[in-house]
There are 2 protein chains.
Amino acid sequence: MTSGTLAGQRCLVLGAGGFIGFNLCRALAAAGARVHGFGRTPKFGEPPTTETWTNAEFGDHLALRRAVEGMEVVFHLLGGSIPGEAERDPVGDLRTNAVGSLELLSLCQSMGVHRLVFVSSGGTIYGPTAVSPISEDHPTNPISVYGIHKLLIEKHLGMHIHRDSMQAMVLRAANPYGPYQRPGRGQGLVVNLITRRLAGQPVEIWGDGSTVRDYLHVDDLVRAMLAAAVYEGPYRLMNVGSGIGRSINEVVAAVDQVLGLSGAEVRHLPGRAADVPSNVLDVSRIRTELGWSAQIGWLNGLRHTADWVLGKSGSGGPAVRPAP
Amino acid sequence: MTSGTLAGQRCLVLGAGGFIGFNLCRALAAAGARVHGFGRTPKFGEPPTTETWTNAEFGDHLALRRAVEGMEVVFHLLGGSIPGEAERDPVGDLRTNAVGSLELLSLCQSMGVHRLVFVSSGGTIYGPTAVSPISEDHPTNPISVYGIHKLLIEKHLGMHIHRDSMQAMVLRAANPYGPYQRPGRGQGLVVNLITRRLAGQPVEIWGDGSTVRDYLHVDDLVRAMLAAAVYEGPYRLMNVGSGIGRSINEVVAAVDQVLGLSGAEVRHLPGRAADVPSNVLDVSRIRTELGWSAQIGWLNGLRHTADWVLGKSGSGGPAVRPAP
């Protein structure tokens, strides 16, 4: 149910300097798209794979307008990439990220963008659930500011789809991990574990380690985004995840297995009020509609991420070396 | 399932100078509550029934903080009272009304308010539905900015209820009508029809007149709000409406019947993109939980409103007189 191709299409990536955005730009360039990046300049020690770049904040309306002009496909990854920041300052998050997204939607509508792909948060948007895995039709009662504001943007997008026939797709993504995710920013369990274990540092986790999440390799997520950009079917909203739940304790063990380490020193921090106990996504819809499913095995994905952290892939990852 | 009384309790009404707020203040005063009003000074030609008043805009954070201090019950009626304004300027509505509501929630939480009652929009929050009447469990896909931002506030409130055990109630109100609703502001079909028919002016309606809404007399709504403020049961969200759907054409005919007029000249304006074709609320929950149901009959309610418009009730309604 996908059609067409992105080759030669003018694609704008908002948040191109971030973890998902940087990976997405590489995939778009490989697919022959003409990619314009928007956001803060990436700090990965290697140039972005974009044709052109706007170094600007999301709140810079004029820069945003110029960037959207003439674009055929817009990938929206901006707006609250760090859940902890939204939590500390809900009003600030609303003022910058939500307002920026509303302005973006109006721009896309008025400037004739053919297709918008918005990456929402499958991990937070549903809130606590009694069922698992969680389908797209489940009620959305997020208990984090991050999740609520993703829902707000989804609803504005839904309104434009209903009223203006805007061509848009929402992907509710599980917890992505993989190369170009930076450690030490209060998110990204996998990269943080790998980095700390390699450096011989104790591992810090929130709660007792029983919290279950759905981990998705970023290459799989990016593949779903490319497919969503050319999808012609009836749905405007899809979960994208592995469909498999893993506890934090299981992730700690798997990281050690891949690194050939054992005996991790685990420090337990208090559980976070914004965390639901479990979140695993039902991915039947995206499998049927896009013919997509996660392809990268768990241990392979961890190994791939560890290689990047170790700089083995030549991709300029952080210069972390195993502790002696 | 209600308990206690509001007598002697310090109640803050945000939006006390508006249609619902002014009626609410009267009912609270009659119930023996100590009422503080917040908002623009009412323009009804009669003094508000409050003990004290803060004349301020919602965005005045300092004034809001002072008003919330020491309050036991807060009624939140502010934030986008005119759907058309939110529609014209979604970003502005988010910046003022949504931000103000988030700040209010934090204030109520940190300053120990016992109970918050928020009036949400049963008429817009569900969006288009295939079923009727609509229960509280129905998905919420609003197609108006007004409805989306009411949903945003509901979700933030839900987060506070979940995480901080905030005592709060959301009432999703149907279309209220009655005394103190001002005509000529793009909402309030009943008062606009009465005013124009009495003045011998043509009636203007959006669309072909088939749009169905659930009309609720403001006295009934206010009675539900007082009951919600002392409710101790498990629900945090209730529809409040008549449970009866009436088309615009039926409302036009009923108004003529009550006024003893006939042959209304109806001008049809284009339908509005933000309007759903039909909206009737399922009110079983509030009936069971609060023992509440709408008491004011339709024609009586219209007569009551017409009396106010004619100034017969001595309540200072607009000085409209029947055309000769």
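A brief report on the enclosed structure follows.

So, the packing of helix H2 (residues 61-68) of chain A against helix H4 (residues 90-110) of chain A
Residues and elements named next belong to chain A.
- Packing of H2 against H4 leaves a shortest axis separation of 10 Å and a crossing angle of 35°. Handedness of the crossing formed by H2 with H4: right-handed. Between H2 and H4, the contacting residues are His-61, Leu-64, Arg-65 and Val-68 on the first element and Gly-100, Glu-103, Leu-104, Leu-107 and Cys-108 on the second.
- Taken together, the residues that form the contact of H2 with H4 break down as five nonpolar, two polar and two charged.

Quick word on the sheet that holds strand E11 (residues 245-247) of chain B
All names here are of chain B.
- Sheet architecture is open: three strands sit in the order E7-E9-E11, paired in mixed fashion. Only two strands of the sheet have a single neighbouring strand rather than two, namely strand E7 (175-177) and E11. Between one strand and the next, the sheet's axes are offset by a mean angle of 55°, whatever the strand orientation.
- Summarising the sheet, strand E9 (residues 212-217) and E11 pair through three bridges and their orientation is antiparallel. Bridging across to E11, Asp-214 finds its partner in Gly-245.

Focus: the relation of the copies chain B and chain A
- Screw-axis analysis of chain B against chain A gives a translation of 0.0 Å along the axis, an RMSD of 0.0 Å, and a rotation angle of 180°. The operation mapping one copy onto its partner corresponds to a two-fold rotation axis.
- In this assembly, 100% of the residues forming the interface of chain B have copies in chain A that are likewise at the interface, indicating an isologous arrangement.

A look at the interface of chain B and chain A
- Taken together, the 27 residues of chain B in the interface contact 27 residues of chain A.
- Interface of chain B and chain A: buried area, both sides summed, is about 2,200 Å²; carbon and sulfur atoms make up 72% of it.
- One can count two salt bridges joining chain B with chain A.
- Two residues, A:Glu87 and B:Arg163, come together in a salt bridge whose shortest N-O distance is 2.6 Å.
- Linking chain B with chain A are ten residue pairs in polar contact (both at pLDDT 80 or more).
- Within the residue set of the side of chain B that touches chain A, elements represented by two or more residues are helix H4 (90-110) and helix H5 (145-164) of chain B.
- With ten residues, the single largest contributor to the side of chain B that touches chain A is H5(B).

Some words on the packing of aromatic side chains
All names here are of chain A.
- Counted according to the given criterion, the structure contains twelve aromatic pairs over all chains.
- With a centroid separation of 5.6 Å and an interplanar angle of 80°, the aromatic rings of Tyr-177 and Trp-298 are classed as edge-to-face. In this pair, Tyr-177 is assigned in strand E7 (residues 175-177) and Trp-298 in helix H10 (residues 298-309), connecting sequence segments 121 residues apart. For the pair Tyr-177 and Trp-298, one class covers both residues: buried.
- Lying across the ring of Trp-206, Arg-272 places its NZ or CZ 3.5 Å from the centre.

Side note on the pattern of salt bridges
- Counted by the stated rule, this structure contains 26 salt bridges over all chains.
- Bridged by salt links that share partners, the residues A:Glu136, A:Asp137 and A:Arg285 form one connected network.

Observations concerning the pairing of strand E6 (residues 168-173) of chain A
Residues and elements named next belong to chain A.
- Counting buried positions over the six residues of E6 gives six, a clear majority of the element.
- As paired strands, strand E5 (residues 115-121) and E6 are joined by six bridges and run parallel to one another. Counted as the bridge partner of Phe-118 is Val-170 from E6.
- With helix H5 (residues 145-164) bridging E5 and its parallel neighbour E6, the resulting β-α-β unit is right-handed.
- As defined by bridge partners, E6 adjoins strand E10 (residues 237-240) across four bridges and the pair is classed as parallel. Residue pairing for E10: Arg-172 is matched across the bridge by Asn-239.

So, the side chain of A:Glu289
- Considering the arrangement of structural elements, one finds A:Glu289 in helix H9 (residues 284-290).
- A polar side-chain atom of A:Glu289 sits 2.6 Å from a polar atom in the side chain of A:Tyr231.

Topic: unusual backbone geometry
- Each neighbour pair has its own omega, and for A:Ser132 with A:Pro133 the value is 0°, a cis peptide bond.
- Tracing the sequence through the fold places A:Pro133 in the loop between E5 and H5.
- Even without glycine at this site, A:Ser165 takes up a positive phi of about 55°.
- Looking at the element boundaries, A:Ser165 is found in the loop between H5 and E6.
- By relative accessible area, which is 55% here, A:Ser165 ends up exposed.
- Located in the positive-phi region is B:Tyr180, a residue other than glycine, with phi close to 75°.
- Looking at the secondary structure, you find B:Tyr180 in the loop between E7 and helix H6 (189-198).

Examining the packing of helix H6 (residues 189-198) of chain A against helix H8 (residues 248-259) of chain A
Residue and element names in this part refer to chain A.
- Contact geometry for H6 and H8: axes closest at 10 Å, N-to-C directions at 50°. With respect to their mutual orientation, H6 and H8 come out oblique. In this structure, the crossing between H6 and H8 has a hand that is right-handed. Within the contact between the two elements, H6 uses Leu-189, Val-190, Leu-193, Ile-194, Arg-197 and Leu-198 and H8 uses Ile-248, Val-251, Val-252, Val-255, Asp-256 and Leu-259.
- Its residues placed into classes, the contact of H6 with H8 shows ten nonpolar, no polar and two charged.

Considering the sheet that holds E7(A)
Residues and elements named next belong to chain A.
- Ordered by their spatial adjacency, three strands build an open sheet running E7-E9-E11, and the pairing between neighbours is mixed. Either end of the sheet is taken by a strand with one partner, and the two such strands are E7 and strand E11 (245-247). Strand-to-strand, the axes of this sheet are offset by a mean angle of 55°, without reference to chain direction.

Considering the side chain of B:Asn23
Residues and elements named next belong to chain B.
- Mapping Asn-23 onto the fold places it in helix H1 (residues 19-30).
- Residue class for Asn-23 comes out buried when judged on its relative accessible area of 6%.
- Ignoring sequence-local partners within four residues, the contact set of Asn-23 consists of Pro-179, Tyr-180, Val-218, Asp-219 and Val-222.

Considering H6(A)
All names here are of chain A.
- The buried count for H6 comes to eight of ten residues, which makes it a mostly enclosed element.
- Structurally, H6 contributes buried residues whose contacts are with E7, strand E8 (203-206), strand E9 (212-217), H8 and H10.
- Following H6 by one or two positions, Gly-200 has its phi on the positive side, about 70°.

Here is what the cut-offs are and how they apply
- Residues numbered from 1 in each chain as written.
- Chains lettered and ligands numbered in written order.
- Predicted model: local features only at pLDDT ≥ 70, side-chain atom pairs only at ≥ 80, totals over all residues.
- Heavy atoms only, no water.
- Axes fitted to C-alpha atoms, helices over the stretch in contact; angles between N-to-C directions.
- Helix = DSSP H or I, 4+ residues; strand = E, 2+ residues; numbered from the N terminus.
- Left-handed = near helix turned anticlockwise from the far one by under 90°.
- Contact = heavy atoms within 4.5 Å.
- Nonpolar A, V, L, I, M, F, W, Y, C, P; charged D, E, K, R; others polar.
- Pairing = 2+ DSSP bridges.
- Least-squares fit on C-alpha atoms with pLDDT ≥ 70 in both.
- Buried area = accessible area lost by both parts, 1.4 Å probe.
- Salt bridge = Lys/Arg side-chain N within 4 Å of Asp/Glu carboxyl O.
- Polar contact = N/O pair within 3.5 Å; in protein donor to acceptor, adjacent residues only side chain to side chain.
- Phe/Tyr/Trp six-rings, centres within 6.5 Å; stacked < 30°, edge-to-face > 60°.
- Buried < 20%, exposed > 50% of the residue type's maximum accessible area, 1.4 Å probe, protein only.
- Lys NZ or Arg CZ within 6 Å of the ring centre and 35° of its normal.
- Right-handed = clockwise from strand over helix to strand, strands pointing away.
- Parallel < 35°, antiparallel > 145°, perpendicular 65-115°, else oblique.

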